[in-house]
Amino acid sequence: MMNKYVVIVIGITVVIISALTIINTPSDTTILLPSPYAEDRASAVKVIADGLEYPTGVAVLPDKRIIITEQTGKALILNSNGSQLNNYEVTDNYFDEGAGLLGLVIHPQFVNNHYLYLYYTYKNNDNQTFNKIIRLQEKNNSLSEAETIIDHIPASKLHNGGVLKFGPDGKLYIGVGDTTNSELAQNLSSLAGKILRVNDDGTIPSDNPFPNSSIYSYGHRNVVGITWDFNNNTMYASEAGRIGNDEINVIKAGENYGWPIEECGNLEESLFINAEFCFTPSIYPSGILISNSTELDYYGKLIVATLKGEHLRSIDPISKDQSSILTGYGKIKDVTEDSDGSLYLITNNRDFFDNGGGAIDKLLKIVKNN
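Only a predicted model underlies this, so the values are computations on that prediction, with no experimental measurement involved.

Each value, and the rule that gives it
Residues numbered from 1 in each chain as written. Predicted model: local features only at pLDDT ≥ 70, side-chain atom pairs only at ≥ 80, totals over all residues. Heavy atoms only, no water. Helix = DSSP H or I, 4+ residues; strand = E, 2+ residues; numbered from the N terminus. Buried < 20%, exposed > 50% of the residue type's maximum accessible area, 1.4 Å probe, protein only. Areas by Shrake-Rupley, 256 points an atom, 1.4 Å probe, with all protein chains shown as cover. Pairing = 2+ DSSP bridges. Axes fitted to C-alpha atoms, helices over the stretch in contact; angles between N-to-C directions. Disulfide = S-S within 2.5 Å. Salt bridge = Lys/Arg side-chain N within 4 Å of Asp/Glu carboxyl O. Polar contact = N/O pair within 3.5 Å; in protein donor to acceptor, adjacent residues only side chain to side chain. Contact = heavy atoms within 4.5 Å. Phe/Tyr/Trp six-rings, centres within 6.5 Å; stacked < 30°, edge-to-face > 60°. Lys NZ or Arg CZ within 6 Å of the ring centre and 35° of its normal.

Novice: Mind showing me how you'd approach the overall build of the chain here?
Specialist: Across its full length, the chain carries 1 helix and 27 strands. Within the span of the chain, comprising 370 residues, buried residues form 55% of the whole. A total of about 15,600 Å² of accessible surface is found on the chain, and carbon and sulfur atoms cover 46% of it.

Here is the structure:
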């Protein structure tokens, strides 16, 4: 019999009374992993760089230079052909199983201000673990003038989130994990298990859903991918479930996405937002984007990097049709698109315990096969 639960709202803090039992009721959006996939032969794959160490994020600058973050604490600046121009090392980075340098984003006005942002884990002088976000400025292939814009974000060895993305409103959105303390996802006094929204200098926008709070949505397990359909301002976020029940959600201001009470499910009188897409068995969706180019015939499609699934997936948000873009390179951590419509992705086959057997990870580029 399903455990009953009671929700009491005190101020802006949601308190869950009784056991936080996960309700694994599949929603009508549950999509099982199709097999086999038909590969798209209209595209060609190029290895741009290899020898990467625990890569976590990739971004392409307006002039085609490439930035890659490595969990060990380095931000690499590469030429368009993959040759390394320079690197920036985060000196207080704390690298652990699911902690370290986890994400980056380029400012939408980079051509004018040359700003980029990094999200990483560190330990303070009291040996306490936190995540923070710094803003750097790129000059002549070097990163400098580091400025902390958000500090003391909850952290742990696992579930640190780390994705950074700018929205169509020019605000910075941040995925923060529940730090394996799942109850915090429902607690609006904690930043854990949330998506945050801030100005580009880290201050809190006046139109956020909760007064004087950077929290935009809550009830998340570990958001690791964020993107927008800029044509209709629809925001998507990806996160892995506990055992299956991976989610891609449509994110709306102030809404509760259910963790840890509910995954993907649809209670008769649900208090939560149901997942737009739910994957069982797990594919572990990671980096995501909505394609803004017709170059590879993915315009308007949701492109999803998968870790457990070990493929790059295309999803039509309207028809819900899904297909594989790329397989055969192992775990795929992140994906981005340049102004020409080419896709760049990073593999993530070597984990903290080196279960990849010393695998060397790569930066791949998918281009039109002329």
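Read on, since the account is not over.
Novice: What's the story with unusual backbone geometry in this structure? I'm lost.
Specialist: A negative phi holds for most residues other than glycine; trans holds for most peptide bonds. Residue proline 260 is reached from tryptophan 259 by a cis peptide bond, and omega for that bond is 5 degrees. In this structure, proline 260 sits in the loop between β19 (246-251) and β20 (277-279). Cis geometry marks the peptide bond from threonine 280 to proline 281, where omega comes out at 5 degrees. Non-glycine residue asparagine 141 carries a positive phi angle of around 65 degrees. At threonine 179, a residue that is not glycine, the phi angle is positive and equals roughly 55 degrees. The residue threonine 179 is located in the loop between β14 (172-176) and β15 (194-198) in this model. On the basis of relative accessibility, which here comes to 10%, the residue threonine 179 falls in the buried class.

Novice: Explain the sheet that holds strand β25 (residues 332-337) to me, please; I cannot follow it from the model alone.
Specialist: Pairing between sheet strands relies on hydrogen bonds along the backbone, with the strands arranged either parallel or antiparallel. Read from one edge of the open sheet, 4 strands run β4-β27-β26-β25, paired in antiparallel fashion. Strands at the two margins of the open sheet, each flanked by one partner only, are β4 (43-52) and β25. Adjacent strand axes in the sheet meet at a mean angle of 20 degrees, parallel and antiparallel pairs treated alike.

Novice: So what exactly am I meant to see when it comes to the sheet that holds β14 here?
Specialist: A sheet is described by the order of its strands in space; here 4 strands give the open sequence β13-β14-β15-β16, paired in antiparallel fashion. Every interior strand has two partners, whereas the edge strands, β13 (164-166) and β16 (215-218), have only one. Each strand axis lies, on average, 20 degrees off the axis of its neighbour in the sheet, ignoring direction. Alignment of β15 against β16, held across 3 bridges, turns out to be antiparallel. Following the sheet pairing, leucine 196 is matched in β16 by isoleucine 215.

Novice: Can you help me understand the pairing of strand β17 (residues 223-229) in this one?
Specialist: Moving residue by residue along a regular strand, the side chains alternate between the two faces of the sheet. When you tally the buried positions in β17, you get 7 out of 7 residues, the bulk of the element. Summarising the sheet, β17 and strand β18 (residues 234-239) pair through 6 bridges and their orientation is antiparallel. Bridge pairing in β18 links tryptophan 228 to methionine 235. Between β17 and β18, which pair antiparallel and follow one another directly, the connecting turn spans 4 residues, one of which, asparagine 233, has a positive phi of 60 degrees.

Novice: Quick question: what am I supposed to make of the state of the cysteines here?
Specialist: Disulfide: a covalent bond connecting the sulfur atoms of a pair of cysteines. For the coordinates displayed, the defined rule picks out 1 disulfide. Across a sulfur-sulfur distance of 2.2 Å, cysteine 264 and cysteine 278 are joined as a disulfide pair. Between cysteine 264 and cysteine 278, the S-S torsion sits near 95 degrees, and that sign places the bridge as right-handed. One end of the pair, cysteine 264, is in the loop between β19 and β20; the other, cysteine 278, is in strand β20, with 14 residues separating them in the sequence.

Novice: Would you take a moment to explain the pattern of salt bridges for this structure?
Specialist: Any two side chains of opposite charge can pair if their charged atoms end up close together. The tally for this structure, following the rule as stated, stands at 11 salt bridges. For lysine 132, the salt bridge identified is with aspartate 92, shortest N-O distance 3.3 Å. A residue pair is termed long-range when its members are at least 10 positions apart, and lysine 132 in strand β11 (residues 129-139) and aspartate 92 in the loop between β8 (84-89) and β9 (101-106) qualify at 40 residues. Judged by its relative accessible area of 11%, lysine 132 is buried. Residue glutamate 145 is joined to lysine 139 by a salt bridge in which the shortest nitrogen-to-oxygen separation is 3.0 Å. The exposure class of glutamate 145 is exposed, given its relative accessible area of 52%. Where salt bridges share partners, they join Asp63, Arg65 and Glu138 into one cluster.

Novice: Could you clarify how one ought to interpret the side chain of threonine 306 in this entry?
Specialist: Examined against the element boundaries, threonine 306 turns out to sit in strand β22 (residues 302-306). From its side chain, threonine 306 meets the backbone nitrogen of glutamate 310 in a polar contact 3.1 Å long. For threonine 306, the contacting residues outside a window of four places in its chain are Ile283, Tyr284, Pro285, His311, Lys331 and Ile332.

Novice: Can you walk me through the packing of aromatic side chains in this structure?
Specialist: Think of a pair of aromatic rings as described by two things: how far the centres are apart, and how the planes are tilted against each other in angle. Here the structure, examined in full by the defined rule, presents 8 aromatic pairs. An angle of 45 degrees between the planes, with centres 6.5 Å apart, marks the rings of tryptophan 228 and phenylalanine 230 as tilted. Look at tryptophan 228 and you get buried, because its relative accessible area is 5%. Aromatic rings pair up to connect Tyr173, Tyr216, Trp228 and Phe230 into one cluster. Just above the ring of tyrosine 122 sits the side chain of lysine 132; from NZ or CZ to the centre is 4.7 Å.

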